Amino acid sequence: MARPAARAIGGAPAPDDAARTIPASGDARTEIRNWYSHLMGERRMSEATLINYHRDLTRFFEFLVDHLGGPATLKDLGRLELRDFRAFVSQRRKDGLQSRSLARMLSSVRSFFRFLDRTHVLSNASATALRSPKLPHAIPKPLTAAGARELLDEAEIAHEEPWIGARDIAVLTLLYGCGLRVSEALGLNRSEAPLKDVLRITGKGGKERVVPVLPAARMAVDDYLRLCPHGLAKDDPLFVGSRGARLGQRQVRETMTRLRRRLGLPESATPHALRHSFATHLLAGGGDLRSIQELLGHASLSTTQMYTEVDAARLLEVYDKAKRRR
């Protein structure tokens, strides 16, 4: 049975276009299209993730063209050995790819091979046996509570059009006040507003969670809708750009870049840093890890535990400053 055609999401290509632009044989392209449709439909991946996965798989198949002497077929993919994947890693290292980018690229390639295995197209144990490079342990870099407030205040006056300023405040307030991912906030539809006491959010892996809505977030969304010049129907996106289309993640990132430059904030002050700030400030205020795990939609408690390191780092910083003042 033919799969229904899927449309492009923002800057991410549609499945047909994604497969067409990758240098592979016809049978491999068919499976690339099916895999990409799976990521877009069943996995509901964000625009940025889809773009990264498509770019990563393109680089892998470009390598195979040189490595095998032509576009790879499904038969070729099934025959790849561990040394072939290691040659790909070595080549990307020579191209200057750092460990974090290389780990993400290998994750994309493994995702494709896992899909081929699950759909009984082919199985290649070498693809899953390849280990990602070790990454330096990093802890989240949240904003301070004062920094977050200053950011929201600046957003109100940073744009000439009042409705766009109100929109930016509403989006950023949802990231900070509700701990939403950018894709989750921008995925809301007009039917969600006026916001109720809780939001039902479908996050990564299709996992649903319930998130309380602060009065400040509800008011920010109400203010934005009151000023928005676009007549938004029930099924339309809640947050839109100047032409009325759904607001994209790139626009939110650009807004944060402008704001942090105006305020002199560090490069780590990204939209996702507001989600980190939500978790860190909750923990500092006495919130328990299990509750924060549920609010963030983390599958594993170990992921949430990284915020305890942020809290400990802050305490050590305060302690060091106090010692120097003695």
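Where an unreviewed UniProt entry is consulted, the protein appears under the name Tyrosine recombinase XerC, with the organism given as Parvibaculum lavamentivorans. In its Function (unreviewed entry) section, the UniProt record describing the protein reads: "Site-specific tyrosine recombinase, which acts by catalyzing the cutting and rejoining of the recombining DNA molecules. The XerC-XerD complex is essential to convert dimers of the bacterial chromosome into monomers to permit their segregation at cell division. It also contributes to the segregational stability of plasmids." Heading Subunit (unreviewed entry) of the UniProt record for the protein holds this comment: "Forms a cyclic heterotetrameric complex composed of two molecules of XerC and two molecules of XerD."

Evaluation of the coordinates by the stated rule reveals twelve aromatic pairs. On the numbers, 5.8 Å between centres and 80° between planes, the contact of phenylalanine 60 with phenylalanine 61 is edge-to-face. We note that phenylalanine 60, like phenylalanine 61, is buried. Each ring, one from phenylalanine 60 and one from phenylalanine 88, has its centre 5.1 Å from the other, and the planes form 85°; the classification is edge-to-face. With phenylalanine 60 in helix H3 (residues 47-68) and phenylalanine 88 in helix H5 (residues 82-94), the pair connects residues that are 28 residues apart, well separated along the chain. A relative accessible area of 0% places phenylalanine 88 in the buried class. Cluster of aromatic residues (ring-pair linked, three or more members): Trp35, Tyr53, Phe60, Phe61, Phe63, Phe85, Phe88, Phe112 and Phe113. A cation over an aromatic ring shows up here: arginine 167 above the ring of tryptophan 163, its NZ or CZ 5.8 Å from the ring centre.

Side chains Arg209 and Val211 of strand E2 (residues 208-212) all project onto a buried face; the interleaved residues Glu208, Val210 and Pro212 project onto a face where none is buried. Where strand E1 (residues 198-202) meets E2, five bridges bridge the pair, whose relative direction is antiparallel. Residue pairing for E2: valine 198 is matched across the bridge by proline 212. Linking E1 back to E2 in an antiparallel pair, the connection comprises five residues, with glycine 205 at a positive phi of about 70°.

All right, on to the pattern of salt bridges then. Applying the stated criterion across every chain, the model contains 14 salt bridges. With a closest N to O distance of 2.7 Å, glutamate 154 and arginine 262 form a salt bridge. Residue glutamate 154 is located in helix H8 (residues 145-157), and its partner arginine 262 is located in helix H12 (residues 249-263); the two are separated by 108 residues in the primary sequence. For glutamate 154, a relative accessible area of 14% corresponds to the buried category. Judged by its relative accessible area of 48%, arginine 262 is partly exposed. A salt bridge links arginine 200 to glutamate 208, with the nearest nitrogen and oxygen atoms 3.4 Å apart.

Calculation rules
Residues numbered from 1 in each chain as written. Predicted model: local features only at pLDDT ≥ 70, side-chain atom pairs only at ≥ 80, totals over all residues. Heavy atoms only, no water. UniProt positions renumbered as here; feature names shortened; annotations may be inferred. Phe/Tyr/Trp six-rings, centres within 6.5 Å; stacked < 30°, edge-to-face > 60°. Buried < 20%, exposed > 50% of the residue type's maximum accessible area, 1.4 Å probe, protein only. Helix = DSSP H or I, 4+ residues; strand = E, 2+ residues; numbered from the N terminus. Lys NZ or Arg CZ within 6 Å of the ring centre and 35° of its normal. Pairing = 2+ DSSP bridges. Salt bridge = Lys/Arg side-chain N within 4 Å of Asp/Glu carboxyl O.

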